[in-house]
Amino acid sequence: AAAMSARAIELAGADQAKASAAQEAAAFPDIFAKLLERFQDDKWLRLGQAKYQASQHVAESRFQKAIEVLTEALAVIADDIDLLNQRGSSYMKLAQWQSACADYARVIELETDENRKRVAGRARAECSLRMGMSQQAADFFFGQMLLAPNDFSLANDAGVAMALSG
């Protein structure tokens, strides 16, 4: 049992080291090629690279390219909330509302942080509005108003959604 615990600690330390290497690689793009030569099958390193590349594409307004990079990474790590958020945002920039809505719905399912979940819900409600699903958006905003009655921007958003739903 002690040997098994030591092995579990060793593996956890290795995962932390890999995650740290991915973060460092994101800070220094030239290092990706070198690290990938050494750790060819490291999915965490590839995840860091995808996040970095997608961020670069978004910064340069190349949203379709960002979507391609993120989709490829999500094929390996399907439930990564950051990748889904980033891809949803890129879909919104290209007015691909249905795809954005699907990504934000998945973020809402996976997210455990209530504030981040609320942000994704708001983005999804915006997509619903853009797709002509005003009642669905209004329902979201009214639900959020119950949770945060002092957030007057929600009342404004709910009013807009209701006006659009007829």
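What comes next is a walk through the structure. (Residues numbered from 1 in each chain as written. Predicted model: local features only at pLDDT ≥ 70, side-chain atom pairs only at ≥ 80, totals over all residues. Heavy atoms only, no water.)

## A look at the overall build of the protein
Let me state the cut-off plainly: Secondary structure follows DSSP: runs of H or I at least 4 residues long count as helices, runs of E at least 2 residues long count as strands, and numbering of each begins at the N terminus. By definition in these notes, contact holds between two residues if any of their heavy atoms fall within 4.5 Å. Reported accessibility uses the Shrake-Rupley method at a 1.4 Å probe radius. Residues are deemed covered only where the shown protein chains occlude them.
Within the protein one finds nine helices and zero strands. Across the protein, helices and strands are ordered from the amino to the carboxyl terminus as α-α-α-α-α-α-α-α-α. Residue pairs at least 24 apart in sequence account for 38% of intrachain contacts in the protein once pairs closer than 6 positions are excluded. Per element, the accessible surface of the protein, about 10,100 Å² overall, is 55% carbon and sulfur.

## Topic: the packing of helix 4 (residues 63-76) against helix 5 (residues 81-93)
Filter applied, for reference: Fitting a line to C-alpha atoms yields each axis, with helices limited to the stretch in contact; the angle taken between N-to-C directions then spans 0 to 180 degrees. When describing relative orientation, an angle under 35 degrees is termed roughly parallel and one over 145 degrees roughly antiparallel, while 65 to 115 degrees is termed roughly perpendicular and anything else oblique. A crossing counts as left-handed when the near helix is turned anticlockwise from the far one by less than a right angle, and as right-handed when that turn is clockwise. Note that Gly is not counted as nonpolar here; it falls among the polar residues with everything else outside the nonpolar set of Ala, Val, Leu, Ile, Met, Phe, Trp, Tyr, Cys and Pro and the charged set of Asp, Glu, Lys and Arg.
At a minimum axis distance of 9 Å, the contact between helix 4 and helix 5 shows a crossing angle of 150°. Considered as vectors, helix 4 and helix 5 are oriented roughly antiparallel to each other. The two elements helix 4 and helix 5 meet at a crossing, and its hand is left-handed. Every residue of helix 5 that contacts helix 4 at Phe-63, Ala-66, Ile-67, Leu-70, Thr-71, Ala-73 and Leu-74 is listed here: Leu-83, Leu-84, Gln-86, Arg-87, Ser-90, Tyr-91 and Lys-93. Per-class residue counts for the contact of helix 4 with helix 5 are nine nonpolar, three polar and two charged.

## Digging into helix 6 (residues 97-110)
What counts is decided by this rule: Expected span of a helix, by definition, is 1.5 Å for each gap between consecutive residues, and there is one gap fewer than residues. For each residue, the accessible area found with a 1.4 Å probe, counting protein chains only, is set against the maximum for its type, and the residue is called buried under 20%, exposed over 50%, and partly exposed in between.
Helix length check: helix 6, at 14 residues, gives a terminal C-alpha distance of 20 Å against a target of 20 Å (1.5 Å per residue), a fit within 8%. For helix 6, the set of buried residues is Trp-97, Ala-100, Cys-101, Asp-103, Tyr-104, Ala-105 and Val-107.

## Examining the nonpolar core
As a reminder, the rule being used: By nonpolar core is meant a set of buried Ala, Val, Leu, Ile, Met, Phe, Trp, Tyr and Cys residues that side-chain atoms within 4.5 Å join together.
Counting residues in each nonpolar core, the largest one holds 23 residues, and the members touching the most others are Ala-54, Leu-83, Met-92, Ala-100, Tyr-104, Val-107 and Cys-127. Looking at this core, the elements with two or more residues in it are helix 3 (43-59), helix 4, helix 5, helix 6 and helix 7 (114-130). When residues in this core are grouped by element, the largest group, six residues, is from helix 4. Those residues in contact with Tyr-104 that sit more than four places away from it in its chain are Asn-85, Gly-88, Ser-89, Met-92, Ala-120, Ala-123, Arg-124 and Cys-127.

## A look at the state of the cysteines
Put simply, the rule is: What counts as a disulfide here is a pair of cysteine sulfur atoms lying within 2.5 Å.
Inspection of the entire model under this criterion finds zero disulfides. Unpaired in this structure, Cys-101 has its nearest cysteine sulfur neighbour in Cys-127, at a distance of 5.4 Å. Judged by its relative accessible area of 8%, Cys-101 falls in the buried class. Since its relative accessible area comes to 0%, Cys-127 is described here as buried.

## Describing the environment of Ile-108
As for its placement among the helices and strands, Ile-108 is situated in helix 6. Taking the C-alpha atoms as reference points, Ile-108 and Asn-85, 23 residues apart in sequence, are found 9.9 Å from one another. For Ile-108, the residues in contact, after removing those within four places along its chain, are Lys-117, Ala-120, Gly-121 and Arg-124.

## What about the pattern of salt bridges?
Put simply, the rule is: What counts as a salt bridge is simple: a side-chain nitrogen of Lys or Arg found within 4 Å of a carboxyl oxygen of Asp or Glu.
This model, assessed by the stated rule, comprises 11 salt bridges. Between Arg-106 and Asp-79 there is a salt bridge, with the nearest N and O atoms lying 2.6 Å from each other. With Arg-106 in helix 6 and Asp-79 in the loop between helix 4 and helix 5, this residue pair connects regions lying 27 residues apart in the sequence. Exposure remark for Arg-106: the relative accessible area of 27% places this residue in the partly exposed category. A salt bridge links Arg-130 to Glu-126, with the nearest nitrogen and oxygen atoms 3.2 Å apart.

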